[in-house]
Amino acid sequence: MSPRPVLIYDRDAETKGARIEARIEQARELRARAAEPAPPPASPWQILSPSSLNEFVGTCQVRWFYRRVLQLPETRGAYLGLGSAVHDALAENFRQKIETRRDLPAEGAVALFRAAWAGQLDQITLEKDDDPADLKEAGEVMTRVYMDRAAPKIEPAAVELRVAGEIGGVPVQGYVDVLDVNGDIIDMKTAKRATAEAPAGYRNQIATYAMLAPGASGKARLDTLTKGKTVDLKHTTLAITDSDRHHTTRLYQIAREQMASGVYVPNRGATLCSRKYCSFWERCTAEYGGEVKR
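Attention here is on the structure that accompanies the text. Since this is a predicted model, take the numbers as computed values, not measurements. (Residues numbered from 1 in each chain as written. Predicted model: local features only at pLDDT ≥ 70, side-chain atom pairs only at ≥ 80, totals over all residues. Heavy atoms only, no water.)

### Structural notes on the sheet that holds strand E5 (residues 231–239)
And step 1. On the basis of which strands lie adjacent, the open sheet formed by 5 strands has the order E1-E2-E3-E4-E5 and mixed pairing. For this open sheet the edge positions go to strand E1 (156–167) and E5, each flanked by a neighbour on one side alone. Strand-to-strand, the axes of this sheet are offset by a mean angle of 35°, without reference to chain direction.
And step 2. Alignment of strand E2 (residues 170–180) against strand E3 (residues 185–191), held across 2 bridges, turns out to be antiparallel. By the bridge assignment for E3, Val 178 is matched with Ile 186.
And step 3. Here helix H4 (residues 78–100) sits on the sheet and contacts E1, E2, E3 and strand E4 (219–227); the angle it forms with E1, its principal contact strand, is near 110°. (Pairing = 2+ DSSP bridges. Helix = DSSP H or I, 4+ residues; strand = E, 2+ residues; numbered from the N terminus. Axes fitted to C-alpha atoms, helices over the stretch in contact; angles between N-to-C directions. Contact = heavy atoms within 4.5 Å.)

### Quick notes on the nonpolar core
And step 1. Within the largest apolar cluster, 36 residues are counted, with the highest numbers of intra-cluster contacts made by Val 163, Val 176, Ile 185, Ile 206 and Tyr 252.
And step 2. Here the element with the most residues in this core is helix H7 (residues 200–212); it accounts for 5 residues.
And step 3. If you look at the next biggest cluster of nonpolar residues, it comprises 29 residues, including Phe 94, Ile 154, Val 159 and Leu 225. (Core = buried A, V, L, I, M, F, W, Y, C linked by side-chain atoms within 4.5 Å. Buried < 20%, exposed > 50% of the residue type's maximum accessible area, 1.4 Å probe, protein only.)

### As for the packing of aromatic side chains
And step 1. Summed over all chains, the structure comprises 9 aromatic pairs.
And step 2. Taking the centre distance of 6.5 Å and the plane angle of 80° together, the rings of Phe 94 and Tyr 146 count as edge-to-face. Taken together, the residues Phe 94 in helix H4 and Tyr 146 in helix H6 (residues 132–149) connect sequence positions 52 residues apart. Each of the two residues, Phe 94 as well as Tyr 146, counts as buried.
And step 3. What links up through ring pairs into an aromatic cluster is the set Trp 45, Phe 56, Trp 64, Phe 65, Tyr 66, Tyr 264 and Phe 280. (Phe/Tyr/Trp six-rings, centres within 6.5 Å; stacked < 30°, edge-to-face > 60°.)

### A short note on the packing of helix H5 (residues 106–120) against H6
And step 1. Where H5 contacts H6, the two axes come as close as 9 Å, and the packing angle between them is 145°. The hand of the H5/H6 crossing is right-handed. Seen from H5, the contacting residues are Ala 106, Glu 107, Ala 109, Val 110, Phe 113, Arg 114 and Trp 117; seen from H6, they are Pro 132, Leu 135, Lys 136, Gly 139, Glu 140, Thr 143, Arg 144 and Met 147. (Left-handed = near helix turned anticlockwise from the far one by under 90°.)

### A short note on the pairing of E3
And step 1. With respect to burial, E3 is a largely interior element, 5 of its 7 residues being buried.
And step 2. Linking E2 back to E3 in an antiparallel pair, the connection comprises 4 residues, with Gly 183 at a positive phi of about 85°.
And step 3. Note that E3 and E4 share 7 bridges and pair parallel. Pairing of Ala 191 across the sheet is with Thr 226, part of E4.
And step 4. In the classification by handedness, the crossover that spans E3, the intervening H7 and the parallel E4 is right-handed. (Right-handed = clockwise from strand over helix to strand, strands pointing away.)

Treat this as a map of the structure, not an account of what it does.
Dropping the structure here:
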């Protein structure tokens, strides 16, 4: 007579399951609370965001002024469109995973990318060296790589979560790519090449989310998909410190005061200060002088 199976009670598994359920329920409450879009601010410095802060203090104050105050028309390059399409496909996978606990098949995510890429083609400006078929193929490979190497290990609690509040007396809002069940933030981006460390502005972004998102742990991971001779995926992790929080708080306070002053300085040394990457270079040189690299 074969021995009867012994049922082992796994308390750790039950605890983890309860934690996941609690995080998912919290995420549902957060999504419901953030479902209604925020009213547009009366001025671009009335409500700030990590992207507006980083553009103003890290890229170019005049570029910020042209884009966010004057709202001048600008072109979007092929790589911005590619990044948006890949991001949209991966975000949709994680949205459904919150409920199903399973990733989509890789080809299902690729199909989402193709649909998103088709929509982007109407919104981007292709340069003479841009090959739409090559870019589409690269996006398909990027999506497959992420679905194979990163997605299975991610347990999302919320996707593109809007967070809002005050930091140092300054109203701030933003959107978290993915908040996982442990409260860690996961950001997904595409680039021509990965950097050894997370950009300085990224610490401001994560510090913002750590101060505004309920349940955020202060830990984050930046997942960068790169398109070179082959597609690669690089993970960069960081943990926000009290010094990071203080630094970001002071930047919001100082930037908001300077934004409201109406006095802005162009940054000719910025990476995006070029005729290729800045749609406003002609107006900027006409108003401020100097040379803008090609």
